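Chains, contacts and geometry: an overview
Single-letter residue listing:
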Amino acid sequence: MALVWALVVGLLLAHNGYLWLVKGVVPDTDILALLPVEQRDPVLQQAFTHMVDAAQQRLIVMVGADDWDQARAAADSYSAVLAKHPELLQSSVKLSAQSQQDWLAPAQQMRLGLLTPAQQQALREQPAKYWADSALQQLYSPFSGPKLGAWQDDPFGLFSGWVQARAQETPVRPRDGYLFVEEKGRPYIVLLLNLRQPAFSMATQQALLPLLEQAATAARHTVPSVELIRAGVVLHAGAGSAQASREMSTIGIGSLLGIVLLMWLTFRSLRPIAMIVLSIGVGCLAAFSLCWIIFGQVHLLTLVFGASLIGVAQDYGIYFLCSRVAADQSLNSQQLLRRLMPGLTLTLAAAVIGYIGLALTPFPGLRQMALFSVLGLVFAWLTVIFWFPALLKPATLKSSSFAGWIGRTRRHWPLLGWNRASLLAAVLFAAFASIGIARLQVNDDIRSLQTPPKELLAEQIKLGKLLDAPTPVQFYLVRGASAEQVLQREEALKLKLEPLVARHIISGYQAMSNWTPSLQAQNANRALVSQALLGDDGPLKMLAAQLGEDAGWVTQMRNRALAGGSAGHELTPAEFLKSAASEPSRHLWLGQVTGAQGNVYASIVALRGVNNYADLPILKRAADQLDGVQWVDKVSEISSVLGHYRQYMGWVLLCAYAAIYLLLFMRYRLAAWRVLASPALATLAILAVLGWSGQPLQLFHVLALMLVLGLGVDYGIFLQEQGMQRDRFAWLTVGLSAASALLSFGLLALSGTPPLHAFGLTMLIGIAVVWMIAPCFSQDSQQEEEKNAITS
Amino acid sequence: MKHLIKVIRTARRLTVIALLACAGLPAHAAAPVDKIQAMLARPPILCGRFDQSKQLVGIKKPLLSNGRFCVVNGKGVLWRTLQPFPNTLRLKRDEIVQMQGDRVAMRMDAKQEPVVRMINGVLFSLLAGDLSQLDKLFELDGSVQGNSWKVALKAREPALAKAIGTLALTGGAYVKTVTIDEASGDRTEITFSGLQSGPTAMTAEEGAALE
């Protein structure tokens, strides 16, 4: 068997070598891969992907300076550095003279159908004289606000007003071929950059971040006082990856050193260390290889979690080693293994049961972690079974004084029984736990799982304010059977949004129908203008009288106006999207999409200036009772998914306790509860501590509770399994295992990544408690304690 | 892009207004433009009468209007149409306001419309005798005859040129006429007269309006 296993391990080594050395694999770092794939609503999914994908590949850099010339000089230096790497970054805006001329052409042809809500109101309410006067004012004034084209094409300034309203959708303005915004007299040049490689790839981040630094240096060299503000998903991803790699190495090195030291103290030999490293190593190789084959990709967090979980794998080796030291020299290693098999099998089975719960979640990332852990454990276990007896002869290892000392400490532990002290402890614990748990709160907000570096966050907030850009995670999704129906539904929604703009709950909205109203609205606008301005006794006639023109002039002007936007030449989204002017609005139009109910048309109405999360319910309500309009808040949606699975995992945990109890009952009968009592109490203690300290419970705490169960069961089994005379070695096994688990998971509590911190903290408290109280549930009689004391 | 056109049109008007007050810009070379600058006076306050005639395509009669204007260096420009009806345009560093009687007909401020400050910035740098801004936007071509001069301004960018057409100025110590020819065929002529400079040039009312 040992030889067959050597062949298997050889294959694993070869495959890993191929993956790492030949293919040069890079672990996946996309945090979104850890979330479940939304399959309920394909249209919604597409809308979100549409918004997020666009946002994800975007990098915005704002170059601020004291004056325009400095800003230009700094921006040019910055861009020049980036321009050397067109394969990585691409400037997304090109301001050519051609696009500047053509951009309004489609709208200009249809100008009669385009009105702002304020203009519609004025056309309904204002008398003819108002319009005649405005037209005259414009004629005589040296400056009458924006005017596009000849006076006769827009005598009442309606089209200029509409264009101005469109311009207000963004504070960004073209100037000398740059895009710029201004704040308090300070000009900022906006560089819109598109990443041409995936933002979450570590290779992209490693190439991009130094390049940006280089560009910043160049800009500072040109203009020392330059202000650079950057925002982009890639920056956060880069910071996250750097942190994860850093933590992985410190946690990995820390736990490795700790474990090596412990082993050395215990066995005074490097051989056991090598053997345990061997079993864990085989486990890791197998887990990585097989996960790669199954998923085609391994997530970085899987490695972080998985590498820690495999720390459980050392239990099997430690158990065998400690037993070997304690066993009679006459017993050969194969016989010893046979004797240990029930306990070993039971611990593996219990751990696998725990991780099966993890695999049942719909989180692809968690499934991967569960499979990675199970595979790692099984392969480490098999390595112990197949190789350890051959590698470890009865005389190979000797007990050390340290091991003896650890083993003897067990007799200091009180045993639980029907006595006053036990009762008092139980009452105190019950009080502590019940009050703590009563105070326990939950928090599933996905934002609490992210701690972006402060400067990045500050820059992003400043940039958001300067650009007044819409949020990509909260928007309305509008659906309809046709493009026209979608636009009509958008218009119904906009009627509800106008009051919210007036109340400053939002600063504005971006919608396709702002640019191309529905045909219905275009016709209504035309009718409104014709009736209010072009009638026989309307403003046009009054204007003619003032200007000394005749009835023929009135007819000519009316015909000219009506020609601009006659029926049959309506503006449609398809038409508009062909023009350069649609560039900033393209993300809003999903067009025809295939949904659960067949093909539909869909669009996004994006909101600007959403600053207060407390206002979100008001925004949600605006979509109520509107057909085909849906409020999408991806943040709260993901948060509710996290909350759902937190609860779900809670049940999985309870079921795992029940399943493991049944498993244990088959071997230990009525004593089975003694194995489960310590992890169960540790779990209550953790919940109570979270409650007392005011830390809200979240999914990652619950996931760690799963591992507390897995490890706690191991310890219970070791203590329950050993023959009485060797129980101090069972305690040594538990001590070694718990100490190294604390070392690896305890260090996770130091992590700056909130999920890892939550996980680590739970493990820290949980394993410490299990370790401390597990011996209290032993069945050992007082006589055995004494006997131990005498023999040692 | 839309705003570029708007800015250009706005900037054109302002450039015109600014230029007519362009008193004595620093001379640096022997080119006609520099000579012209040398000929211009440079008072901190300049007020006077203007007569404007607009000839629009599609309207037979020219539109005649007149009024008073004031340019205060570093502060702003006040352009008050008196005939045929009152209309006041006021430009300050951060805003452009148009009043019809007491009613605000139009207001653009820098907060809402970032280009306002840029337009006004161009204007004020002109007033301060800094031709570099103007030189960036326009090609200047001038000639001098005795005590009078004329200058043609042509936008450097094609889009700008298309939107604003060409400008022509004539004058001596002060600008006398401004002519704007637009691509659409519309033509505007402004003539200045009765120019006064110094602290007494501006009425108290005008001073208050610019505060």
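For chain B, the name recorded in an unreviewed UniProt entry is Outer membrane lipocarrier LolA family protein, with Collimonas arenae as its organism.

So, on to the packing of aromatic side chains. All names here are of chain A. Counted according to the given criterion, the structure contains 23 aromatic pairs over all chains. On the basis of an interplanar angle of 55° and a centroid distance of 5.3 Å, the ring pair of Trp 5 and Phe 386 is categorised as tilted. Linking Trp 5 in helix α1 (residues 2-22) with Phe 386 in helix α15 (residues 364-391), this pair joins segments that are 381 residues apart in sequence. Between Trp 68 and Phe 180, the aromatic rings sit 5.2 Å apart at their centres with planes inclined by 65°, giving edge-to-face as the arrangement. Taken together, the residues Trp 68 in helix α3 (residues 68-83) and Phe 180 in strand β4 (residues 178-183) connect sequence positions 112 residues apart. Aromatic rings pair up to connect Phe 159, Trp 162, Trp 515 and Phe 576 into one cluster.

With that out of the way, let us pick up the pattern of salt bridges. Under the criterion given, the structure shown has 13 salt bridges over all chains. One salt bridge connects Lys 129 of chain A with Asp 133 of chain A, and the closest N-O pair in it is separated by 2.8 Å. Taken together, the residues span about one helical turn, with Lys 129 of chain A and Asp 133 of chain A both in helix α7 (residues 128-140) at a distance of four residues. Asp 181 of chain B serves as the salt-bridge partner of Arg 187 of chain B, at 2.8 Å between the closest nitrogen and oxygen.

Residues and elements named next belong to chain B. Taken together, 11 strands build an open sheet; the order of strands is β6-β5-β4-β3-β2-β1-β11-β10-β9-β8-β7 and the sheet is antiparallel. Looking at the sheet topology across the chains shown, the edges are occupied by β6 (103-109) and β7 (138-145). Averaged over all pairs of adjacent strands, the angle between their axes in this sheet comes to 15°, without regard to strand direction.

All right, on to the confidence of the model for chain B then. All names here are of chain B. Summarising the model, chain B shows a mean pLDDT of 70, and 69% of its residues fall at 70 or more. The low-confidence segment residues 1-30, where pLDDT is below 50, has 107 contacts with residues more than four positions distant or belonging to other chains. This prediction of the complex comes with two scores: 0.71 for pTM and 0.74 for ipTM.

A few words now on the nonpolar core. In this structure, Leu 664, Leu 711, Tyr 715 and Met 763 of chain A are the most contacted members of the largest nonpolar core, which totals 126 residues. If you look at the next biggest cluster of nonpolar residues, it comprises 33 residues, including Ile 505, Ile 506, Trp 515 and Val 605 of chain A.

Spanning 35 residues, helix α10 (residues 233-267) of chain A covers 50 Å between terminal C-alpha atoms, matching the ideal 51 Å at 1.5 Å per step. Looking one or two residues past α10 of chain A, Arg 268 of chain A carries a phi angle of roughly 50°, positive in sign.

Once that is clear, we can look at the packing of helix α28 (residues 699-721) of chain A against helix α30 (residues 754-773) of chain A. All names here are of chain A. As a packed pair, α28 and α30 sit with axes 8 Å apart at the nearest point and diverge in direction by 30°. If you check the angle between α28 and α30, you find them roughly parallel. For the pair α28 and α30, the crossing hand works out as right-handed. Between α28 and α30, the contacting residues are Phe 700, His 701, Leu 703, Ala 704, Leu 705, Leu 707, Val 708, Leu 711, Gly 712 and Tyr 715 on the first element and Pro 755, Ala 758, Phe 759, Thr 762, Met 763, Gly 766, Ile 767 and Val 770 on the second. Per-class residue counts for the contact of α28 with α30 are 14 nonpolar, four polar and no charged.

As a further point, take the packing of α1 of chain A against helix α11 (residues 270-295) of chain A. All names here are of chain A. Across the interface, α1 lies against α11 with an axial gap of 9 Å and an inter-helix angle of 60°. Looking at the two axes, α1 sits oblique to α11. Every pair of crossing elements has a handedness; the one defined by α1 and α11 is left-handed. When α1 is examined against α11, the residues Trp 5, Val 9, Leu 12, Leu 13, His 15, Asn 16, Leu 19 and Trp 20 are found in contact with a partner set consisting of Val 282, Leu 285, Ala 286, Phe 288, Ser 289, Trp 292 and Ile 293. By residue class, the composition of the contact of α1 with α11 is 12 nonpolar, three polar and no charged.

Rules of the game
- Residues numbered from 1 in each chain as written.
- Chains lettered and ligands numbered in written order.
- Predicted model: local features only at pLDDT ≥ 70, side-chain atom pairs only at ≥ 80, totals over all residues.
- Heavy atoms only, no water.
- Phe/Tyr/Trp six-rings, centres within 6.5 Å; stacked < 30°, edge-to-face > 60°.
- Helix = DSSP H or I, 4+ residues; strand = E, 2+ residues; numbered from the N terminus.
- Salt bridge = Lys/Arg side-chain N within 4 Å of Asp/Glu carboxyl O.
- Pairing = 2+ DSSP bridges.
- Axes fitted to C-alpha atoms, helices over the stretch in contact; angles between N-to-C directions.
- pLDDT = per-residue confidence, 0-100.
- Contact = heavy atoms within 4.5 Å.
- Core = buried A, V, L, I, M, F, W, Y, C linked by side-chain atoms within 4.5 Å.
- Buried < 20%, exposed > 50% of the residue type's maximum accessible area, 1.4 Å probe, protein only.
- Expected span 1.5 Å × (residues − 1).
- Parallel < 35°, antiparallel > 145°, perpendicular 65-115°, else oblique.
- Left-handed = near helix turned anticlockwise from the far one by under 90°.
- Nonpolar A, V, L, I, M, F, W, Y, C, P; charged D, E, K, R; others polar.

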